[in-house]
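Structure at a glance
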Amino acid sequence: MLAVLCVVLFLDGMDVSMVGVALPSIGAELGMSESSLQWLVNGYVLGYGGLLLLGGRTADLLGRRRVFLIALGAFAVASLVGGLVDDGVLLVLTRFTKGLAAAFTAPTAMSILTTTFAEGPARNRALSIFTVFGASGYSSGLILGGLLTSAGWRWTFLTPVPVAIGALLVGIKLIPRDNARAEGGHDIWGAVTLTGGMLLAVYTVVTAPERGWLAPLTLASAVVVAALLTAFVLIETRIAHPLIRLGILRVGTVVRANLSVVALMGSYISFQFIMTIYLQNVLGWSPMTMALALLPAGIVVVVGSPLVGKLIDRYGTERLILASMVSLSLGYVWFLVTAGSTPDYPLAILPAMLLLGGGFGFGFSAIMAQGTDGIDDAEQGLAAGLLQTSGQVGSALVLAVVTAVLAGSATPVDLSGFRPGLNFVTAVAVAGLVLNLVPLARRARRG
């Protein structure tokens, strides 16, 4: 059963990195600008993040096995359609649809895992293995993306189809049946207001540099975003079966884990976006060369993740997350300090990718463990969905800001044109470091 869950996470990681490698080729063939290309990333993560909580809640109510298998089938169909379309807008819509499907597979897989393995060493080991497969998928996607993009970017969309179908057929056999809960309900309006608010927030940030931050349309869009998110909070406080039981946010470790995953994933995905565009469009590297340049980070995650379970048992999640944020922040700072106008790979890029791999590999599993520890089995889907929502929506918003910052600059001819975006990425990681340093510093002072 764990193997099936790991294969699906492998598929998700592979799909994200393959499409990332193909972005410049897609843009060249379909005539999409950088601000349009970011929607191929954000369309997926917003569909994913916007409905993750509904996906987790649906799994808790209707049965995890049923929801997982249906969503996996929908993911395969959306992947197939994405490889066949010829229009940039339609391509973004297929990515959004895949995100919607993943919004149900991801929290369901996590809740199957956390309800199957008891809290403590067993769950920590399972989470470590789970993370290894995600990292392996991401690393494999970089290499496959480089190879497949050379043959044609459409193969980066079509390749996940047989993997998803295979996982579906095996999952039907191996995932244990569970009983749907009779009580409860779906918070459809909560999902609509949250997803709508996040989509519009990203759209507002991305289009603001062109329209102007104080332009009437920008201000009106910001007002609608505030109204939608306010409506979401009001709905959650009044509905009988909310998408988010707001009381879960009174748990300090849950809040800190959700903010930490925003810093971790938001900075990492945005850095990859910048490097993908810079290495291929400015330096003229081939997709394969670019993929190999970024691969060391994934290798570190694959090698280090199996150790995370034992490290959590020995040192606890707080110290491990703090160490990962230190590694992450050092990676970005090292790159900024050593890169110059044209970074040298052995001096600037390789050390940065090794540090980023260490930060992600040791941080992700520890954050997942911290955010689900002490939560009742009935709300494991909610807790897992909340963490993944924070990671995906946070990534979309950080990437939207980075895209807006870059859009406000002249067309870059060297790395200096990307530095404003890199500075923001670094600031996000440092904020995650400070967030996790403060509680430990307070505890040390009291002791």
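Just above, that's the structure.
Counting starts from 1 at the beginning of each chain's written sequence and moves along it residue by residue. For a predicted model such as this one, the threshold for reporting local features is a pLDDT of at least 70, and the threshold for listing and counting side-chain atom pairs is 80 or more; totals across whole chains, interfaces and linings nevertheless cover every residue. The basis for the side-chain values is all heavy atoms of the structure; hydrogens and waters are excluded.

Here's the deal with empty space enclosed by the protein
The definitions used throughout rest on a 1 Å grid laid over the protein atoms alone, on which a cavity is an enclosed set of points accommodating a 1.4 Å probe that cannot get out and a pocket is an open set flanked by protein within 12 Å on both sides along at least five of seven lines; lining residues are those having an atom within 4 Å of a point. Grid points are joined across faces, edges and corners, and a volume is the space filled by probe spheres set on the points. Considering all chains together, one arrives at three cavities of 30 Å³ or more under this definition. Considering only enclosed or pocket space, the largest cavity measures out at about 640 Å³ in volume. Along its surface, the largest cavity is lined by 35 residues, and Leu9, Asp12, Gly13, Met265 and Phe364 are the ones closest to its centre. Gly counts as polar in this scheme, as do all residues outside two lists: the nonpolar Ala, Val, Leu, Ile, Met, Phe, Trp, Tyr, Cys and Pro, and the charged Asp, Glu, Lys and Arg. Of the residues assigned to the lining of the largest cavity, the class counts are 26 nonpolar, eight polar and one charged. Estimated volume of the second largest cavity: approximately 120 Å³. Considering the residues around the second largest cavity, the lining is formed by Val16, Gly20, Leu23, Val41, Tyr44, Val45, Arg95, Ile269, Gln272, Phe273 and Thr276. In DSSP terms, a helix is any run of H or I states spanning at least four residues, a strand is any run of E spanning at least two, and both are numbered starting from the N terminus. Secondary structure elements with two or more residues in the lining of the second largest cavity: α1 (2-30), α2 (34-62) and α10 (252-282). Of the residues belonging to the lining of the second largest cavity, the class tally is seven nonpolar, three polar and one charged.

Details of α1
Any helix carries an expected span of 1.5 Å times its number of residues minus one. For α1, with 29 residues, the first-to-last C-alpha span of 40 Å sits near the 42 Å given by 1.5 Å per residue. Along α1, the sharpest kink reaches roughly 50°, centred on Leu23 and followed within four residues by the proline Pro24. Two residues or fewer after α1 comes Gly31, characterised by a positive phi angle close to 70°. The quantity called bend is, for any residue, the angle between two axes fitted respectively to the seven residues ending at it and the seven beginning at it.

Observations concerning the side chain of Ser267
For Ser267, the position within the fold is in helix α10. Throughout this description, buried means an accessible area under 20% of the type-specific maximum (1.4 Å probe, protein chains only), exposed means over 50%, and partly exposed covers the range between. Ser267 sits in the buried class, given a relative accessible area of 0%. Throughout this description, a polar contact denotes any pair of N or O atoms lying within 3.5 Å of each other; where both atoms belong to protein, one of them has to be capable of donating a hydrogen while the other can accept it, and for residues adjacent in sequence the pair is counted only when both atoms sit in side chains. Reaching out from Ser267, the side chain makes a polar contact with the side chain of Tyr332 at a distance of 3.0 Å. Leave out the neighbours within four places in its chain, and Ser267 touches Val262, Leu328, Tyr332, Val398, Val425, Val428 and Ala429. In what follows, residue pairs with any heavy atoms lying within 4.5 Å of each other are defined as contacts.

A word on the nonpolar core
Take the buried residues of types Ala, Val, Leu, Ile, Met, Phe, Trp, Tyr and Cys, join any two whose side-chain atoms come within 4.5 Å, and each joined set is a nonpolar core. In this structure, Ile26, Phe68, Phe271, Phe335 and Ile367 are the most contacted members of the largest nonpolar core, which totals 128 residues. Take this core: its biggest share by element is 15 residues, from α10. If we ignore the near neighbours within four places in the chain, the residues touching Phe68 are Val4, Leu5, Val8, Thr105, Thr108, Ala109 and Ile175.

Regarding the pattern of salt bridges
In the sections that follow, a salt bridge refers to a side-chain nitrogen of Lys or Arg positioned within 4 Å of a carboxyl oxygen of Asp or Glu. Taken as a whole and assessed by the stated rule, the structure comprises two salt bridges. With its nearest N and O atoms 2.4 Å apart, the salt bridge here joins Asp86 to Arg154. One end of the pair, Asp86, is in the loop between α3 (64-82) and α4 (88-116); the other, Arg154, is in the loop between α5 (121-151) and α6 (155-158), with 68 residues separating them in the sequence. Residue Glu318 pairs with Arg256 through a salt bridge whose shortest N-O separation is 2.8 Å. Taken as a pair, Glu318 in helix α12 (residues 308-339) and Arg256 in helix α10 lie far apart in primary sequence, 62 residues in all.

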